[in-house]
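Examining the three-dimensional arrangement
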Amino acid sequence: MPHSRPITVVACVAVTALVGFSVSGLEWVRDGKPVASIIVPAEPLPVESYAAKELQYHVESATGAQLPIVSENREIPAGAHVFLRHCKAATAAKVDPTGLPGNSYVVKTAGRDLYLAGKDARGDPLGLDTHEGTLFGVYDILETHLRVRWLWPGTLGEVIPREQNLSLALGDGSVKPRLWFKQWRGGSTTGERVWLKRQRFGRSVQPQYGHSFGAYWPRFGQTHPEYFAMLPDGSRGLDPTSDPGPEWVHMCVSEPGLAKQILIDWSAKGAPEFLNVCENDGWAGCACAKCLSWDEPDPENPVPFDKRLEAARRAFAGQEGRRDSWMLQLGSLSDRFARFWKNVADEAVKLRPDVKVVSYVYDNYRKPPVKARLDQHVLCGVVPQESIFGYSKLDSEVFRADWSGWEKTGCALFLRPNYTLQAPNFPAFYARILGEDLKFALAHGLKGTDFDSLTSKYSTQGPSLYMLATILNHPDESPDSALDDFYAAFGPARDAVKQYFGLWESVYPNYSASEQSSRIKAKRKYGAGTYGPFYILAGEIYTPHVMTNAWSLLEKARTDAVPEAVAAARVEWLAKGLKQADLMLETERTYERAVDTGDKTGFLTAYQALNDFRKANADYDKTNFLGLGGSERTWEKANR
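What this report covers is the structure whose coordinates are included nearby. (Residues numbered from 1 in each chain as written. Predicted model: local features only at pLDDT ≥ 70, side-chain atom pairs only at ≥ 80, totals over all residues. Heavy atoms only, no water.)

Attention now moves to the pairing of strand E16 (residues 378–382). For E16, the buried fraction is high: five of the five residues fall into the buried class. Bridge analysis of strand E15 (residues 356–361) against E16 gives five bridges, and the strand direction is parallel. From the neighbouring strand, Val-361 faces E16, where its bridge partner is Val-382. Sheet topology places E16 next to strand E17 (residues 412–415); four bridges connect them, and they run parallel. Its bridge partner lying in E17, Gly-381 is registered against Phe-414. With helix H10 (residues 393–409) bridging E16 and the parallel E17, this β-α-β connection has right-handed handedness. (Buried < 20%, exposed > 50% of the residue type's maximum accessible area, 1.4 Å probe, protein only. Helix = DSSP H or I, 4+ residues; strand = E, 2+ residues; numbered from the N terminus. Pairing = 2+ DSSP bridges. Right-handed = clockwise from strand over helix to strand, strands pointing away.)

Another point: the sheet that holds strand E5 (residues 80–84). Ordered in space as E4-E3-E5-E7-E6-E11, the six strands form an open sheet in which the pairing is mixed. Edge positions in the sheet fall to strand E4 (69–71) and strand E11 (173–175), since each of these pairs with one other strand and no more. The mean angle between the axes of side-by-side strands here comes to 20 degrees, regardless of whether they run parallel or antiparallel. Across three bridges, the pairing between strand E6 (residues 105–110) and E11 is antiparallel. Considered in E11, the bridge of Val-106 is made with Ser-174. Packed onto the sheet, helix H3 (residues 133–145) meets E5, E6, strand E7 (113–118) and E11 and runs at close to 130 degrees relative to E7. (Axes fitted to C-alpha atoms, helices over the stretch in contact; angles between N-to-C directions. Contact = heavy atoms within 4.5 Å.)

Bringing the nonpolar core into the picture now. Of all hydrophobic cores here, the largest spans 190 residues; its most connected members are Trp-28, Leu-275, Trp-341, Trp-504 and Tyr-542. Those residues within four positions of Trp-28 in sequence are excluded, and the remaining contacts are Lys-33, Pro-34, Val-35, Ala-36, Leu-55, Val-59, Leu-67, Val-82, Leu-114, Ile-141, Leu-166 and Leu-168. Core analysis: the next-biggest nonpolar cluster, separate from the first, contains 11 residues, Val-70, Phe-83, Cys-87 and Leu-100 among them. (Core = buried A, V, L, I, M, F, W, Y, C linked by side-chain atoms within 4.5 Å.)

This part is about empty space enclosed by the protein. Under the definition given, this model contains five cavities of 30 Å³ or more. Its boundaries defined by the atoms lining it, the second largest cavity holds a volume of some 80 Å³. Along its surface, the second largest cavity is lined by 13 residues, and Ala-229, Leu-231, Asp-239, His-250 and Gly-285 are the ones closest to its centre. Considered class by class, the residues forming the lining of the second largest cavity number nine nonpolar, three polar and one charged. (1 Å grid on protein atoms, 1.4 Å probe; cavity = no way out; pocket = protein on both sides within 12 Å on 5 of 7 lines; lining within 4 Å. Points joined across faces, edges and corners; volume = space filled by probe spheres on them. Nonpolar A, V, L, I, M, F, W, Y, C, P; charged D, E, K, R; others polar.)

The subject of this paragraph is the side chain of Asn-364. Structurally, Asn-364 is set in the loop between E15 and E16. Within polar-contact distance, the side chain of Asn-364 engages the backbone oxygen of Ala-284 at 2.7 Å. With sequence-adjacent residues up to four places away left out, Asn-364 is seen in contact with Trp-283, Ala-284, Met-327, Leu-328, Gly-331, Ser-332, Leu-333 and Ser-334. (Polar contact = N/O pair within 3.5 Å; in protein donor to acceptor, adjacent residues only side chain to side chain.)

Before going further, it helps to examine the pattern of salt bridges. In this structure the tally under the stated criterion is 41 salt bridges. When the shortest N-O distance is used, the salt bridge between Glu-273 and Lys-356 registers 2.6 Å. Taken together, the residues Glu-273 in the loop between helix H6 (256–268) and strand E14 (274–276) and Lys-356 in strand E15 connect sequence positions 83 residues apart. The class for Glu-273 is partly exposed, based on a relative accessible area of 23%. When its relative accessible area of 12% is taken as the criterion, Lys-356 is described as buried. In this structure, Lys-350 and Glu-347 form a salt bridge, with 3.2 Å as the shortest nitrogen-oxygen distance. Note on Lys-350: relative accessible area 61%, which makes it exposed. Several salt bridges converge on common partners, so that one network encompasses Arg-185, Arg-416, Asp-450 and Asp-452. (Salt bridge = Lys/Arg side-chain N within 4 Å of Asp/Glu carboxyl O.)

In structure tokens form, the structure reads like this:
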């Protein structure tokens, strides 16, 4: 595997650089035999025990030598030692991480000994909010010095180069997280949770955010209707054109009483560092005169600025366009929302100087404001323009413009995308674009990430998922280098596998939002679940010609991989993903034929074959063969 990362100092995994390091050599394995021991505290935290086992497992997998794990209250073996966390020896050596943020660590070498002490906490080692600097330090060492890579969950995704001898040149210093939090929602299996932790997903701080006004209508609907958005007919309350329920109601952000109530609720909770003001889900909109006066002209809105309310009233009344999109007639609402957040922050900072007022940048308040200015007391979670295809070049252009515009307002920023929800189970390749844009965000003020969601798909979208984790860990790495690491895992089949994924990159769609919408509209009669539109357009991308080429490349990879059993198994893993995609395409083709003709015979046969394949492979890696929730709803209904 190519040395795409430096191996002379501890890797900086989404962290600041090591402080004041000096290099020292440490020998752990000689001629396949252990010459070092892992020393843990007499009463180790679960994180420390887990870190010791992870270090032991990977060293043994690499060298065949099992480093013994020894409690410090027992006789310490002769030889080299790796002292983890709060051992007495670490305290005596003045290795102390207590002044560092969660998930930080200190590393120090002395003679043949290594001290690795992290800012740890009690709790599940695989938990999102368990501080585990010691474990992250172990993973840094494994990546940098053993050249370990974790491409996807499970042992087949572990790349652990074999070594007869193991000597490390480690640096002294401290490592702090670059990001406040790194979250990837999901992890439905233990294997996925292990993989996420190896990729250092976790939270040094616990920001509070999410659609926040779901309880406001039951609390204040009768007593304070002025808190809620005015509809175009002049009433306030639940929008009859929108999804039902109080969790979809929107707020009148220009109403001073709303801001006061938010601050009262926040103070009652003890005025925590993060104050959540994220709007409820869906397109927002208030048609009151004051909110309208807080807006600025949107050059992309075809409705004249002074005619917006009239257009919204016509849409709301069902006289023009879709009733549920009346608020879109108002154009971008970013200036009004930014002003609202700043108002709340200006009052909250009087009670807590380090407060961060958190909101999403989302839907019709996603575009940067024209005039509003913010500061670092406002933390904006950018929810980028969505595409059903994951992430295209056009999506990237919009994302960079949006991110740059919000950065110029002076606010702090985190990334809250839905990229990995898209393109369920199909071979969608957006690794290179995603990698470059993550690097862009990291260079432009990124404070944290929260990806929704990890829905597996490793066998078809492995490079894109691996890219996401890798760049967040190693911001200085190039996307090409990360891809090289991925392809190198296939040994003699490396070139064929690279061509295979190059095919998916070459056919990846780059539709504009309007073109995507028109294509979906043209096939709307076939229905779709929440993320189902990809299914009805998949046949336009993964044509029989493309799929034939894909199988040809995999057949070459199979032949090339024969000399190496692990490489061959990885190619077969890819083939299973492609086989499922083939079966899904056939199911969609026959389903559409059934809709057109009324004959479901072919569809029922194809759908049964797909389900049989998934059941037969459940023990292989079931998370790669599951449909995304809601995506296959039309098939499920047709099968009843």
